[in-house]
Amino acid sequence: MTKSKIKTIGVLCSGGDSPGMNCAIRSIVRTGIGEGLNVYGIMKGYSGLLEGNFIEMNASSVGNIIQHGGTILQTSRCPEFHDPEIRKEAFHILKRKSIDALIVIGGNGSYAGAYDLHQEHGIPIVGLPGTIDNDINGTDYTIGFDTAVQTAVEAVDKIRDTAHSHARTFIVEVMGRKSPAIALHVGVCTGAENIVLPSEDLQTNQIATDIKRGIKRGKSSSIIICAEGEVPGLSYRIQEELKTEHQIDAHVCILGHIQRGGNPSAIDRFVASRMGYVAVKSLLRGKTDKACAYVKGEVVTVPLKESLGKKDKYLPQFIDLARALSI
Ligand code: ADP
């Protein structure tokens with residue numbers, strides 16, 4: 001049992017959902033109850049917080065959810081939360097519900113909101129990295145990444161069957177508006193001939209050269225993995241340029257939201273379960289503005305402030321690796 005001043009905690013999911021969020025919620029609820037805390041689930045992220053949409057949780061509330069994607073608490077995007085006056089209102093709602101500390105499961109945006117709320121009103125907060133993009137500073141891993149990559153890899157394997165049978169080139173678009181992580185991993189794991197990342201100059205000439213070189217040495221298919229990028233339509237642009245400038249026919253397949261759902265992988269369940277436990281324990285040890293992070297195989301807490309930015313040094317050597325192995 002805890003001697004901490006914290007008696008009641010709230011947990012919410014915010015931003016895009018990711019497989020493994022339910023495992024994190026289960027871990028937080030059961031660790032909290034084990035410590036004698038009252039635990040409230042806050043529905044629909046910061047929007048639900050502002051509506052006072054709270055549910056008191058018990059051990060059974062999180063039964064039979066560990067294997068399910070999505071989040072039983074649901075999630076949302078809440079533009080109003082950028083406004084300090086609205087965050088003040090959120091703080092008063094938490095106070096009225098006697099919630100002493102908050103755990104926020106989400107990505108960069110959700111962390112920014114959590115950090116502002118803590119800075120302005122002092123409420124203890126711990127963030128859990130829940131995003132398929134694996135792009136949060138200070139952590140080697142974010143909950144949902146492994147499942148999303150696996151889903152995309154399975155899809156590309158199927159596409160490769162058709163590409164091979166019909167001797168075709170496919171451009172497969174994976175998620176990642178700003179983050180290259182999914183595209184890099186899927187590219188390496190599917191033996192892609194090329195990987196196109198967000199915010200990089202499009203090198204259609206290079207792609208065409210690689211496809212032609214492959215055909216020359218007897219390859220029957222080419223797969224180009226393309227991160228969706230911030231401006232929609234990148235895959236179609238590549239398709240168009242390959243056709244008009246290099247007379248190469250390519251088919252586009254956009255994987256889309258299938259990458260966000262589905263049963264979490266064992267890795268996602270394991271990391272999420274560990275992080276939920278550490279999050280509650282760290283609040284009870286008096287930590288007030290932390291984020292759970294996976295660093296060299298250990299779950300640790302790091303200052304929330306240091307987790308705010310996006311990971312920018314994302315292993316460009318993976319591109320070289322994919323190209324080296326797909327000659
Ligand atoms: P993710 O957390 O997955 O990155 P978003 O970027 O959409 O998703 O952010 C989720 C929510 O977090 C936003 O809808 C908003 O409510 C809140 N948020 C994002 N950025 C900020 C910010 N700078 N200040 C306050 N709240 C923010």
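Here's a quick rundown of the structure.

Let's shift gears to the overall build of the protein chain. Of regular secondary structure, the protein chain possesses ten helices and eleven strands. Dimensions of the protein chain along its principal axes, counting C-alpha atoms only, are 70 × 35 × 30 Å. Burial status across the protein chain gives 54% buried among its 327 residues. Restricting to contacts in the protein chain with at least 6 residues of sequence separation, those with at least 24 account for 76%. Split by element, the accessible area of the protein chain, about 14,600 Å² in all, is 51% carbon and sulfur. Across the protein chain, the 37 positively charged side chains and the 35 negatively charged ones have centroids separated by 5 Å.

Close contacts around the ligand come from 16 residues, with Arg77, Cys78, Gly107, Gly109 and Ser110 the closest. Contacts to the ligand include glycine 107, whose backbone N or O atom sits 3.0 Å from an oxygen atom. A distance of 3.3 Å separates an oxygen atom of the ligand from a polar backbone atom of asparagine 108. Its free accessible area being 550 Å², the ligand has 79% of it covered by the protein chains. Per-element tally for the shell around the ligand: the top contributor is helix H4 (residues 108-121), with six residues. The residue makeup of the shell around the ligand, split by class, is four nonpolar, nine polar and three charged.

Right, let's get into the sheet that holds strand S9 (residues 250-254). Spatially, S7-S8-S6-S9 is the arrangement adopted by the four strands of the open sheet, whose pairing is parallel. In this open sheet, the two strands that pair with only one neighbour each are strand S7 (194-196) and S9. If you compare each strand with its neighbour and ignore which way they point, the axes differ by 20° on average. Where S7 lies against strand S8 (residues 222-227), three bridges are found, and the strand directions are parallel.

Counted under the stated rule, the structure contains twelve salt bridges. Notably, a salt bridge pairs lysine 178 with glutamate 230, separated by 4.0 Å at the nearest N-O pair. With lysine 178 in the loop between strand S6 (169-174) and helix H6 (181-189) and glutamate 230 in the loop between S8 and helix H8 (234-246), this pair connects stretches of sequence that are 52 residues apart. Assessed through its relative accessible area of 54%, glutamate 230 is described here as exposed. Among the ionic pairs, arginine 237 bridges to glutamate 241, the shortest N-O distance being 3.4 Å. Highlighted residues: arginine 237 and glutamate 241, both in helix H8, separated by four residues, approximately one helical turn. For arginine 237, a relative accessible area of 44% translates into the label partly exposed.

Conventions and cut-offs
- Residues numbered from 1 in each chain as written.
- Predicted model: local features only at pLDDT ≥ 70, side-chain atom pairs only at ≥ 80, totals over all residues.
- Heavy atoms only, no water.
- Helix = DSSP H or I, 4+ residues; strand = E, 2+ residues; numbered from the N terminus.
- Buried < 20%, exposed > 50% of the residue type's maximum accessible area, 1.4 Å probe, protein only.
- Contact = heavy atoms within 4.5 Å.
- Areas by Shrake-Rupley, 256 points an atom, 1.4 Å probe, with all protein chains shown as cover.
- Lys, Arg positive; Asp, Glu negative; His and termini not counted.
- Charge placed at Lys NZ, Arg CZ, Asp CG, Glu CD.
- Near = heavy atom within 4 Å.
- Polar contact = N/O pair within 3.5 Å; in protein donor to acceptor, adjacent residues only side chain to side chain.
- Nonpolar A, V, L, I, M, F, W, Y, C, P; charged D, E, K, R; others polar.
- Pairing = 2+ DSSP bridges.
- Axes fitted to C-alpha atoms, helices over the stretch in contact; angles between N-to-C directions.
- Salt bridge = Lys/Arg side-chain N within 4 Å of Asp/Glu carboxyl O.

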